[in-house]
Amino acid sequence: MHRIGVVGLSYRHAGVDDVARFAVPRAEIPARLPALRAQLQAAEILYVSTCNRVEVVYATEGGLPAEDARRAVFRVLAGREAEAGEATRTLRAWTGEAAVEHLFLLACGLDSAQTGEQEIAAQLRSAWEDSRTAQTCGPFIDRLLGEALSMARRVRRLAAGVRAPSLADLAAERVLGHLDGTGERVALLGVSAMTRRCAAILHAAKVSLLIVNRSFEPAAELAAAVAGEALRLEDFRMRPPALGALVLAAGGGGALLDGAELVRVRSAAAAAPLLVDLGVPPNVEPLAARGAALPRIGMDELIEAARAQRLTQLVRLAPVRAAIDERLARLRTELALRAIGPRLAELRAAFEHIAAEEVRRALAHGLRTLDERQRGELERLARTLAHRLAHLPLAGLRAAAVHADNEAVDAFFAAARPMPRRRADEGKT
């Protein structure tokens, strides 16, 4: 696990605006990943971006241990060199087993703003697909992502019958509170995991829905599932209908509605509709919303609301935390043994070779009178003793390799390498 590293930032120590500075529009990811891999001098790389975090996962070349890569990640994602101490203050870094643990916690929703949410697993899978498209991931990250997503599926089984929380739930609660039973229509801008979940909750509450999207087909598909209507984004910008609320959760890297378009949204309604902005970067700039006299709830407010529920969710998900610890221990052992497996085989062969050499010398001198059967018995006895004598140090090394660093393991094998013995009959004439 020493080859893996993670650098990122999230809601836990940064605001949404800070996260947005490092977010890469999805359309640009395949082109940016190879440059990031080159900057990190990594063998494999994966980029994850969600509504409240950015993470870069990397694996080193040639079995070298991962190092803190915050300056390189800052340079590529921010587009400039970090000032003194800026990368360390802004970004967080994990290496080795801590990085793998972080990835597991991330996949299982235990590091999310809404603890236990399950959208993150789909977002990780999407990031994995992007990395494969860019040909920047390989067997090491593939293995770890497979393990992480397997843990996420285990979380779903542990939580069977309990609805996993989501920031989309909080968004829907705010919308329903704002509508207060008035029956006004709600528009959802963008077709994403967040808008789909929000739409399902609002549909169950019998709210009339309008699905707005750049592409009409995804909007029409979602609208059909929630008995709503679909509208192209360009048409919505020009002629927005009367709304009680507007939920936005679309990618693209910039604001989707400008000040003039927001004024149209306000003018079309009798009372100011509520804006719930789940976009990172924001789909609606806060200043533009204020200029149009529209109330706006952004990700910062929703994340703060989710924090109040975090302890309760962590207690509920304590078995998940225990399962992650168990899987980490198993993976640690498996990877350590896989790394030293060939060297263990060489050491066992060295024991057998030493025993065989000693028998050969004995049969050539003091035991040369033995017949073929006796010689065979002696050779088999030597092999058995070699295996049994090798067992204890090899078993001890297997156990130690799980906890020892690479230098200690290398030192053991260097010291355990058998020295050639000078043959007794060497140099005789």
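Scroll up to find the structure this text is about.
Residues numbered from 1 in each chain as written. Predicted model: local features only at pLDDT ≥ 70, side-chain atom pairs only at ≥ 80, totals over all residues. Heavy atoms only, no water.

(A) Expanded view of a positive patch on the surface. Taken together, Arg125, Arg153, Arg154, Arg156, Arg157 and Arg330 make up a surface patch of like positive charges. The leading source of residues in the positive patch is helix H7 (residues 139–158), at four residues. Residue arginine 156 is classed as partly exposed on the basis of its relative accessible area, which comes to 33%. (Patch = residues over 30% accessible without salt bridge, like charges linked within 9 Å, V, L, I, M, F, W, Y side chains within 5 Å. Areas by Shrake-Rupley, 256 points an atom, 1.4 Å probe, with all protein chains shown as cover. Salt bridge = Lys/Arg side-chain N within 4 Å of Asp/Glu carboxyl O. Lys, Arg positive; Asp, Glu negative; His and termini not counted. Charge placed at Lys NZ, Arg CZ, Asp CG, Glu CD. Helix = DSSP H or I, 4+ residues; strand = E, 2+ residues; numbered from the N terminus. Buried < 20%, exposed > 50% of the residue type's maximum accessible area, 1.4 Å probe, protein only.)

(B) Quick peek at the sheet that holds strand S4 (residues 92–95). Reading across from one edge, S2-S3-S1-S4 is the order of the four strands in this open sheet, with antiparallel pairing throughout. Each edge of the sheet is formed by a strand with only one pairing partner; in this case those strands are strand S2 (42–50) and S4. Taking each pair of neighbouring strands and ignoring which way they run, the sheet shows an average axis angle of 15°. Here S2 pairs with strand S3 (residues 53–60) via eight bridges, running antiparallel. (Pairing = 2+ DSSP bridges. Axes fitted to C-alpha atoms, helices over the stretch in contact; angles between N-to-C directions.)

(C) The arrangement of the sheet that holds strand S10 (residues 296–297) in detail. If you trace the six strands from one edge of the open sheet to the other, you get S7-S6-S5-S8-S9-S10, paired in parallel fashion. Strands at the two margins of the open sheet, each flanked by one partner only, are strand S7 (229–232) and S10. The pairing of strand S6 (residues 209–213) with S7 spans four bridges and is classified as parallel. The partner of valine 212 across the bridge, within S7, is leucine 231. Where helix H8 (residues 167–179) meets the sheet, its contacts fall on strand S5 (186–189), strand S8 (245–248), strand S9 (274–277) and S10, and the angle it forms with S9 comes to roughly 180°. Docked against the sheet, helix H9 (residues 193–204) engages S5, S6 and S8, running at close to 165° with respect to S5. (Contact = heavy atoms within 4.5 Å.)

(D) Region of interest: the pairing of S8. Burial along S8 is two-sided: the residues Ala245 and Val247 and Leu246 and Leu248 are all buried. Where S5 and S8 come together, four bridges link them in parallel fashion. Note on S8: the bridge partner recorded for alanine 187 is leucine 246. By the bridge criterion, four bridges tie S8 to S9 in an arrangement that is parallel.

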